[in-house]
Amino acid sequence: MNHITKISKKLSEYGLDAMLITSSSGERYALGFHGEGLLLVTRDGARYTTDGRYIEAAREQIVGAEVSLVTAGSGHLSQAKEFIQVHGLRNVGFESGEMTVDAHRRYSQELPCILTPAQGLLDDLRASKDEGELAHMRRAQEITDEAFKAILNFIRPGLTEREIAARLVYELLRRGGEQVSFDPIVAAGPNGSRPHAVPGDQVVDVGMFITMDFGCKVEGYCSDMTRTVALGQPSPEMEKVYAAVLAAQRAGIQAARAGVSGREVDGAARRVLREAGYGDYFTHSFGHSLGVDIHESPNASPSEDRVLPAGAVISAEPGVYIPGRFGVRIEDVLVLKDGGCEDITRSPKDLIVL
């Protein structure tokens, strides 16, 4: 699965003769392959260069692009220079959101063309997932749901956050995940008030909330899920906060559909938490897009005025974080459609007491 044709057709809209793709995520999106190479997509073809570590796999797996081996005497830039000259490419877009200043300086000096910032070209295409991409994301989410079910049977008093996180990685990979989407978050008790807590030596015990945020990749595409569970009977206040977060998530999901802004979706969830008295403890946005990268765009955030397109895949993850005491976050993944959305996360959301 690749998107070379889609990129080619988009070039004229941006006034470009070609698109230079050098990032790992851009390469994965364009080619359905990862080989630490360089890709040039023109209006009528594509050229991909990679080294001896990946050349055999590239020639077997890549379609729609000429594949060439780089050597000590014929590197990425020298081959790109020759390709640009032969095809008369003058205005070449590049991933301005990904390329470093040093890399841009080197490419500008070596390539006989104008390099034009064109991050928006790929971002616009990647915002709406096609059926092939969605199939990979649904499978990744299925694996994540299965891993959650397994971890519930593993958690017990006396384990550390780090041990639970390690087990999550194991459960994701043994079920078919290629790798984790990101390092898992496991936050117990007072650490739960830190949305991106790093799993450490905190021991889980009865009376604590445990928040787990994790996911995996299938064919390069991410899943993402968060669940907060109680170890032993939670306090009435903990139950109240959990109920408020769940109500906020459901409100945001109800508002999520193609054609509305990210601000509107975020606002639907934020109003619920504000009315419940927890507005000041919701310290991040309702959700972010995901795909090849765990964080893509557009987002369901207070500052997102852009309209969310059909086929966008966003997280739905409101949270309440009470410093020094506990936190609650519940996260699903949604596929936006005209008139509504599909929630591809299947794990239960009512409070689980272990």
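Described in the following lines is the structure provided in the data block. No experiment lies behind these values; they were computed from the predicted model shown.

**Notes on the environment of Glu133**
- Tracing the backbone shows Glu133 in helix H7 (residues 131-152).
- For Glu133, a relative accessible area of 1% translates into the label buried.

**Describing empty space enclosed by the protein**
- With the rule as written, the count across this model stands at one cavity of 30 Å³ or more.
- Considering only enclosed or pocket space, the largest cavity measures out at about 40 Å³ in volume.
- Forming the boundary of the largest cavity are Ile185, Ala187, Gly192, Arg194, Pro195, Thr211, Tyr321, Gly327, Val328 and Arg329.
- When residues in the lining of the largest cavity are grouped by element, the largest group, three residues, is from strand S17 (residues 326-329).
- Tallied by class, residues from the lining of the largest cavity come to five nonpolar, three polar and two charged.

**Some details on helix H10 (residues 262-275)**
- An ideal rise of 1.5 Å per residue puts 20 Å on 14 residues; H10 measures up with 20 Å between its terminal C-alpha atoms.
- Among the residues of H10, Gly262, Val265, Asp266, Gly267, Ala268, Ala269, Arg270 and Leu273 are the ones counted as buried.
- Of the surrounding secondary structure, the elements contacted by the buried residues of H10 are helix H9 (236-255), strand S14 (296-300) and strand S16 (319-322).
- Where H10 terminates, the next one or two residues include Gly277, which has phi positive at roughly 90°.

Basis of the calculations
By convention here, each chain's residues receive numbers from 1 onward along its written sequence. At least 70 in pLDDT is required for a residue's local features to be given in this predicted model, at least 80 for side-chain atom pairs to be given and counted, and no such filter applies to totals for whole chains, interfaces and linings, which use all residues. Excluding hydrogens and water, the side-chain values take into account all heavy atoms of the structure. For helices the rule is a DSSP run of H or I covering at least 4 residues; for strands it is a run of E covering at least 2, with both sets numbered from the N terminus onward. Each residue is placed in one exposure class: buried if its accessible area under a 1.4 Å probe, protein chains only, is under 20% of its type's maximum, exposed if it is over 50%, and partly exposed if it falls in between. Lining residues are defined by having an atom within 4 Å of a point belonging to a cavity or pocket. Those points lie on a 1 Å grid over the protein atoms alone, cavities being sets where a 1.4 Å probe fits but cannot get out and pockets being open sets with protein on both sides within 12 Å along at least five of seven lines. Grid points are joined across faces, edges and corners, and a volume is the space filled by probe spheres set on the points. Here the term charged refers only to Asp, Glu, Lys and Arg, the term nonpolar to Ala, Val, Leu, Ile, Met, Phe, Trp, Tyr, Cys and Pro, and the term polar to all other amino acids, Gly among them. The length a helix should cover is 1.5 Å for every residue beyond the first. Residues count as neighbours in contact if any of their non-hydrogen atoms are within 4.5 Å of one another.

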